[in-house]
Amino acid sequence: MSKQTYRVCFCFQRKFKLASSEAPSEIKELFERYSENGSMSEDQLQRFLVECQGEANATLEDAQDILDKFKHINFFQHSKGLNLDAFFRYLFGESNSPLSPNLGVHQDMTAPLSHYFIYTGHNSYLTGNQLSSDCSDVPIIKALKRGVRVIELDMWPNSTKDNVNILHGRTLTTPVELNKCLKSIKEHAFFASPYPVIVTLEDHLTPDLQAKVAEMITHTFGDILFTPGSEALKEFPSPESLKHRIIISTKPPKEYLESKSVKGKENDGQKGNAAEDEAWGKEVPDLKAKLQADNKQNDPDGGEDSQDEEDLDAGDRTAQKIEAPEYKRLIAIHAGKPKGGLDEALKVDPEKVRRLSMSEPQLEKAALTHGTEIVRFTQRNILRVYPKGTRFDSSNYNPLIGWMHGAQMVAFNMQGYGRSLWLMHGMFRANGGCGYIKKPEFLLKVGPNKDVFDPRVSLRAKQVLKVKVFTGEGWHLDFKNTHFDMYSPPDFYVRLGIAGVPADSTMKKTKAIEDSWIPVWGEEFEFALSVPELALLRIEVHEYDMSEKDDFGGQTCFPVSELRTGIRSVPLHNQKGEKYDNVRLLMRFEVINI
């Protein structure tokens, strides 16, 4: 062996640190069972994939691909199979992820849009907080590259009233031109997914500027713009039929609202949000508590969310006739709230479909009294839920309350971060990350007595998810030696649990492993699931600190319905949802149907 070859192999081993001697006992036992004389052959590896990893369709070619990828770790022996080192590295490798890298878009994409959860952004143009951050096309581009399919733009006249700006009205946010946003949407719309991008417009324009917007949209998007005409649709088209199309959604134009300054509000908005500055973000609000709350309690937002965010205050209205028919013809998904309260708003019209918007407190209250009506409404129509007005820091809310009622557009501040947004990231890893997820059948079906799913009814458990946390690695490569502790290695522990319907939502944690960059936990947990179709597995790593707040060590989230069983390598992400280069956990997943 040449010195250079030895050095390459030695450096490879040094990079990963973890050697076969540090493999958990269960891994060593599995290797012994599926190997002979310290080597796992192609046939034995295929049998391991089928019997232990649940990969029923694994072929000898699949096994050979793994052997070829990791054969360099076998350098010191002349075997054609995997030794324990190579087997351990395969288990910890990127190709052995909890979600199948080859699954892609696998759900039926030919149903109406109302049958899908859609990856939805809120105030997509903001770079930071809701009051004073810059408006830009950069966060729009980032959202589209992540797979977001609904982009929201707030349109206001510029200072000279001859052009259109995008900004958060009545705030100190600096504007960006509409035209720049439209061009960026066109350029990046289908970077991550071929399925349609919906642009929701909050319109505060005069008729002449509406006409200008119509010209801009038509010129920018051209043939990829879906324009069914001025009449409302009788049924929404399917994502499949709208591939590589842009869809406009807003209220039919009626009035225009002058901008107001909210300097006085800005300081108020800085109060009471310190929890969001914690190391890993505020805990996701407890659904159980919210759904059991008294529906007569005072609105926590001081009435700001008692109406649609697109509605106009009566004192600020300047009534206008609709003088821009070319603008109205562009609207494919009509939005608006009928007069007459919640009963009227949730009425299902067999002759047309529409979009209804609710703030998060509105939905929480409506869920207490109109849960099944919301589910029935969302079987044909689209419900958009948006953050309450006091989330000045661009934080988010628990998305499950919207999803369990069938809401398609659970709108999030993608520029913020924290646990709620991690759930959103996890949910839309499903179905190949295309931004559209088919709603579970129970949210779409109507029973023999015209009954629909009732989110308030507790169901018996249908599945048990077993999760074992073996070990973790990579922090020593992605963090400085003194990041967690100045004088000693970190003390890592894992929090993991389920975000789902109230009966399924829970969090548990491992013990903290003291003074180790490569912690070994070897702990197993069980989670009973009554609605596994909406269950998300939450995983977080923290570093225990006796004197201060525990430090953040990584997080991720997966849809339980798409988890691959067996022993898997789980890559972790930072607070913003960006994947670390090396930090990962080795875990085992098992699903038992009851």
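Residues numbered from 1 in each chain as written. Predicted model: local features only at pLDDT ≥ 70, side-chain atom pairs only at ≥ 80, totals over all residues. Heavy atoms only, no water.

Under the annotation held in an unreviewed UniProt entry, the chain carries the name Phosphoinositide phospholipase C and is attributed to Stephania yunnanensis. On record in UniProt, under Catalytic activity (unreviewed entry), the comment for the chain is "a 1,2-diacyl-sn-glycero-3-phospho-(1D-myo-inositol-4,5-bisphosphate) + H2O = 1D-myo-inositol 1,4,5-trisphosphate + a 1,2-diacyl-sn-glycerol + H(+)". Quoted verbatim from the Subcellular location (unreviewed entry) field of UniProt, the annotation for the chain is "Cell membrane". (UniProt positions renumbered as here; feature names shortened; annotations may be inferred.)

### Regarding the overall build of the chain
Scanning the chain from terminus to terminus reveals 16 helices and 22 strands. For the chain, contacts bridging at least 24 residues in sequence account for 75% of all contacts bridging at least 6. With the model as given, the accessible surface of the chain reaches about 26,000 Å², and the carbon-plus-sulfur share is 48%. (Helix = DSSP H or I, 4+ residues; strand = E, 2+ residues; numbered from the N terminus. Contact = heavy atoms within 4.5 Å. Areas by Shrake-Rupley, 256 points an atom, 1.4 Å probe, with all protein chains shown as cover.)

### Quick notes on the environment of Thr-250
With respect to the helices and strands, Thr-250 occurs in strand β7 (residues 246-250). Considering only alpha carbons, one finds Thr-250 and Ala-332, 82 residues apart in sequence, at a separation of 8.4 Å. Apart from the residues within four sequence positions on either side, Thr-250 is in contact with Leu-201, Asp-203, Tyr-327, Ile-331, Ile-333, His-334, Ala-335 and Arg-355. For Thr-250, the side chain forms a polar contact with the main-chain oxygen of Leu-201, separated by 2.5 Å. (Polar contact = N/O pair within 3.5 Å; in protein donor to acceptor, adjacent residues only side chain to side chain.)

### A closer look at the environment of Gly-147
Inspection of the secondary structure assignment puts Gly-147 in the loop between α6 (138-146) and β2 (150-157). Take Gly-147: its relative accessible area is 0%, and that puts it in the buried class. A C-alpha to C-alpha distance of 6.2 Å links Gly-147 and Cys-434, two positions 287 residues apart in sequence. With residues up to four places along the chain from it excluded, the contact list for Gly-147 reads Tyr-119, Ala-192, Cys-434 and Gly-435. (Buried < 20%, exposed > 50% of the residue type's maximum accessible area, 1.4 Å probe, protein only.)

### Comments concerning empty space enclosed by the protein
Enumeration according to the criterion identifies 3 cavities of 30 Å³ or more in this entry. Residue assignment for the lining of the largest cavity shows that the elements contributing at least two residues are α15 (419-427), β19 (536-543) and β20 (551-559). Its residues placed into classes, the lining of the largest cavity shows 4 nonpolar, 2 polar and 3 charged. (1 Å grid on protein atoms, 1.4 Å probe; cavity = no way out; pocket = protein on both sides within 12 Å on 5 of 7 lines; lining within 4 Å. Points joined across faces, edges and corners; volume = space filled by probe spheres on them. Nonpolar A, V, L, I, M, F, W, Y, C, P; charged D, E, K, R; others polar.)

### Some points on the side chain of Ser-114
Secondary-structure assignment places Ser-114 in the loop between α5 (84-91) and β1 (116-121). You can call Ser-114 buried: its relative accessible area is 2%. Here the side chain of Ser-114 touches Gln-379 through a polar contact of 3.4 Å, landing on its backbone oxygen.

### Examining helix α7 (residues 178-188)
Among the residues of α7, those classed as buried are Leu-178, Cys-181, Leu-182, Ser-184, Ile-185 and His-188. Relative to the axis of α7, the buried residues are bounded by an arc of 165 degrees and lie together on one face. (Arc of directions from axis to C-beta.)

### Digging into unusual backbone geometry
Positioned with a positive phi, Asn-431 is a non-glycine residue whose angle comes to about 55 degrees. Phi at Asp-515 is positive, roughly 55 degrees, even though this residue is not glycine. Here Asp-515 is to be found in the loop between β17 (506-509) and β18 (520-529).

### A look at the packing of α7 against helix α8 (residues 207-221)
Where α7 meets α8, the axes come as close as 10 Å, and the angle between the chain directions of the two elements is 25 degrees. Considering their axes alone, α7 and α8 lie roughly parallel with respect to each other. Here α7 and α8 pass one another in a crossing that is right-handed. Here Leu-178, Asn-179, Leu-182, Lys-183, Ile-185 and Lys-186 of α7 lie close against α8, whose contacting residues are Val-213, Met-216, Ile-217, Thr-220 and Phe-221. (Axes fitted to C-alpha atoms, helices over the stretch in contact; angles between N-to-C directions. Parallel < 35°, antiparallel > 145°, perpendicular 65-115°, else oblique. Left-handed = near helix turned anticlockwise from the far one by under 90°.)

### Some points on the packing of α6 against α7
As a packed pair, α6 and α7 sit with axes 10 Å apart at the nearest point and diverge in direction by 20 degrees. The orientation of α6 with respect to α7, classified from their angle, is roughly parallel. As α6 packs across α7, the resulting crossing turns out to be right-handed. Of the residues in α7, those touching α6 at Ile-140, Ile-141, Leu-144 and Lys-145 are Cys-181, Ser-184, Ile-185 and His-188.

### Thoughts on the packing of aromatic side chains
This model, assessed by the stated rule, comprises 19 aromatic pairs. Ring centres 5.7 Å apart and planes at 40 degrees place the aromatic pair Phe-31 and Phe-87 in the tilted group. Placement of Phe-31 in helix α2 (residues 25-33) and of Phe-87 in helix α5 is noted, with a sequence separation of 56 residues between them. Both residues of the pair, Phe-31 and Phe-87, belong to the buried class. Put simply, the rings of Phe-31, Tyr-34, Phe-48, Phe-70, Phe-87 and Tyr-90 touch in pairs and so form one group of aromatic residues. A cation over a ring is seen here: Arg-429 above Phe-558, with NZ or CZ 5.9 Å from the ring centre. Above the plane of the ring of Tyr-493 lies Lys-509, whose end atom (NZ or CZ) is 5.2 Å from the centre. (Phe/Tyr/Trp six-rings, centres within 6.5 Å; stacked < 30°, edge-to-face > 60°. Lys NZ or Arg CZ within 6 Å of the ring centre and 35° of its normal.)

### Description of the pattern of salt bridges
A complete count under the given rule lists 19 salt bridges for this structure. For the salt bridge of Glu-26 with Arg-588, the shortest nitrogen-to-oxygen distance reads 2.3 Å. Taken as a pair, Glu-26 in helix α2 and Arg-588 in strand β22 (residues 579-593) lie far apart in primary sequence, 562 residues in all. For Arg-588, a relative accessible area of 17% gives the class buried. In this structure, Lys-466 engages Glu-526 in a salt bridge whose closest nitrogen and oxygen atoms are separated by 3.7 Å. With Lys-466 in strand β15 (residues 463-473) and Glu-526 in strand β18, this pair connects stretches of sequence that are 60 residues apart. (Salt bridge = Lys/Arg side-chain N within 4 Å of Asp/Glu carboxyl O.)

### Overview of helix α3 (residues 42-51)
Along α3, the residues that are buried comprise Gln-44, Leu-45, Phe-48 and Leu-49. Take α3 and look down its axis: the buried residues cluster within an arc of 140 degrees, on one side only.

### Digging into the confidence of the model for the chain
When pLDDT is averaged along the chain, the result is 87; 84% of the residues meet or exceed 70. Counting contacts from residues 298-308, a segment whose pLDDT is below 50, to residues more than four positions away or on other chains yields 28 contacts. This model gives residues 311-321 a pLDDT under 50, and the stretch forms 18 contacts once residues within four places in sequence are excluded. (pLDDT = per-residue confidence, 0-100.)

### As for the environment of Arg-89
For Arg-89, the position within the fold is in helix α5. On a C-alpha basis, the gap between Arg-89 and Phe-70 in space is 7.7 Å, while along the polypeptide they are 19 residues apart.

### What to know about the side chain of Glu-26
Accessibility expressed as a relative area gives 19% for Glu-26, which makes it buried. Here the side chain of Glu-26 touches Arg-588 through a polar contact of 2.3 Å, side chain to side chain. Filtering out sequence-adjacent residues up to four positions away, Glu-26 remains in contact with Lys-468, Phe-470 and Arg-588.

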